[in-house]
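# Results of the structural survey
Take a look at the letters that make up each chain.
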Amino acid sequence: MGKRESTENSSLRKTKILHLQDILLSETDDEHGLTMPQIIDRLCECGIDAERKAIYDDLEALEAYGLDIIRGRGAGAEYAIGNRQFELPELLLLIDAVQSSRFLTKKKSEALIVKLQRLTSAHHKTLLDKSMHVEGRIKMQNESVYYNIDTIQEAIRNKRKISFRYIGYGFDKQEVFRRHGKQYTENPVELVYKDEFYYLITYNDKHGDFVRYRVDRMHGISETDVPISCQDAIRGFDVQEFVSRAFGMFGGDAVSAVLVVDQALIGPIIDRFGKDVTFYRVDETSARVHVHILKSGVFFGWLAQFGTGVVIEGPAHLAAEYKEYLQQIVEMY
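### Here's the deal with the packing of helix H11 (residues 297-304) against helix H12 (residues 316-331)
- Close contact between H11 and H12 brings their axes to 11 Å; oriented N to C, the two are set at 75°. Relative to H12, the element H11 is oriented roughly perpendicular. Facing H11, whose interface residues are Gly 297, Phe 299, Phe 300, Gly 301, Leu 303 and Ala 304, H12 presents Leu 318, Glu 321, Tyr 322, Tyr 325 and Leu 326.
- Considered class by class, the residues forming the contact of H11 with H12 number 8 nonpolar, 2 polar and 1 charged.

Given below as structure tokens:
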């Protein structure tokens, strides 16, 4: 045997255990196994000759490494993978999340699903090969968001400002750069996924306040060499409080509002503001709740969906503005 041939055989012997692991992971699960002759045949297809004793030793090594191997007994005993890093219901949830995500293109969604399917056996892949309908979903047309997020996260880690251009749309549905295409330079603070979009919350030096941008509308994002400023303000930023007050991630004046809510609508109020809100009973059918919001037309629109079930009790100026908002709508009809 030549030196080259000996080296090749040695390399195959060293990788035998890796091939064995791949075979078990891809072809077996808690309902489907492989017999020892079948395992030997699969290894042979990989160009590896193996004896039973050697395979038994490899199985013990894989178990010691942490692989959950189910061993059958008696003639025709089968070997299979039991518990996995991701169980089938978990993979189904992940695939549903990928399919329903608006910021992923159809191509990227399909690529991620293929990777997720590799985490289970071939027998279970068919159970993961399904299409979920999501009402009103419009997938992104390009993958810029996917990579922009990585750039933003890197800038946040490095505590450096980012530069980008921001777009809106004209009546012809074509993209139009805001501020005539002038670059924005901002202090990145937090990425937030809300209402099926990614938003970047930044601290704006000029306004001395936190603002938000939709990531899919940010073009040419780059990390600058300039360190972020106003670190004290950023350090004290509470993203959960910010998100709970903002409606549709639109800005507005911060207001402490008092709402009187029908009992049937307590669920939606908790869904929106969280379980930390406190309800004070007014009568048998309604309760009073204090919430903090960022006043905007989106907040008024959210409120209007409940009709007479939610009433602004205070402050008076907020109730008056809501009344004016509704009157303007009525006058249009």
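### Looking at the state of the cysteines
- Tallied over the full model, the rule gives 0 disulfides.
- Unpaired in terms of disulfides, Cys 44 finds its nearest cysteine sulfur in Cys 46, a separation of 9.1 Å.

### Observations regarding the pattern of salt bridges
- Taken as a whole and judged by the stated rule, the model has 10 salt bridges.
- Across the salt bridge formed by Arg 160 and Glu 223, the nearest N and O atoms sit 3.3 Å from each other. Placement of the pair is Arg 160 in strand S4 (residues 160-169) and Glu 223 in strand S9 (residues 218-227), with a sequence separation of 63 residues.
- Judged by relative accessible area, which is 33%, Arg 160 ranks as partly exposed.
- Taking the relative accessible area as the measure of exposure, Glu 223 reaches 25% and is therefore partly exposed.

### Remarks on the nonpolar core
- One finds Ile 152, Ile 162, Phe 164, Leu 200, Tyr 213, Val 215 and Met 218 to be the most contacted residues of the largest nonpolar core, which totals 23 residues.
- Element by element, the count of residues in this core is highest for helix H7 (residues 144-158), at 4 residues.
- In contact with Met 218, not counting residues within four places along its chain, are Asn 148, Ile 152, Ile 162, Phe 164, Arg 165, Tyr 166, Leu 200 and Tyr 213.
- Grouped together as the second largest cluster of nonpolar side chains are 20 residues, Phe 273, Phe 306, Leu 318 and Tyr 322 included.

### So, the confidence of the model for the chain
- Taken over all residues, the pLDDT of the chain has a mean of 82, while the share at 70 or more is 87%.
- At the level of individual helices and strands, the chain shows its lowest average pLDDT in helix H9 (residues 239-245), which scores 68, and its highest in strand S1 (residues 34-35), which scores 93.
- Contacts from residues 1-8, a stretch scored under 50 in pLDDT, to residues over four places away or in other chains number 2 contacts.

Calculation criteria
- Along every chain, residues carry numbers that run from 1 in the direction the sequence is written.
- Only residues with pLDDT of at least 70 are given local features in this predicted model, and only at 80 or more are side-chain atom pairs given and counted; all residues enter the totals for whole chains, interfaces and linings.
- The side-chain values count all of the structure's non-hydrogen atoms but skip hydrogen atoms and water molecules.
- For every element, the axis is a line fit to its C-alpha atoms; helices are fit only across the contacting stretch, and the angle between N-to-C directions ranges from 0 to 180 degrees.
- Strands here mean DSSP runs of E at least two residues long; helices mean DSSP runs of H or I at least four residues long; both are numbered from the N terminus.
- Here the angle decides the label: under 35 degrees means roughly parallel, over 145 means roughly antiparallel, 65 to 115 means roughly perpendicular, and every other value means oblique.
- In this analysis, two residues are considered to be in contact whenever any of their non-hydrogen atoms come within 4.5 Å of each other.
- Asp, Glu, Lys and Arg are counted as charged, while Ala, Val, Leu, Ile, Met, Phe, Trp, Tyr, Cys and Pro are counted as nonpolar; the rest, among them Gly, fall into the polar class.
- When the sulfur atoms of two cysteines come within 2.5 Å, that pair is taken as a disulfide.
- For salt bridges, the criterion is a side-chain nitrogen of Lys or Arg within 4 Å of an Asp or Glu carboxyl oxygen.
- Burial status follows relative accessibility: with a 1.4 Å probe on protein chains alone, a residue under 20% of its type maximum counts as buried, one over 50% as exposed, and anything between as partly exposed.
- The set of buried Ala, Val, Leu, Ile, Met, Phe, Trp, Tyr and Cys residues whose side-chain atoms join them within 4.5 Å is what this entry labels a nonpolar core.
- Values of pLDDT, ranging from 0 to 100, describe the predictor's confidence in every residue of the model.

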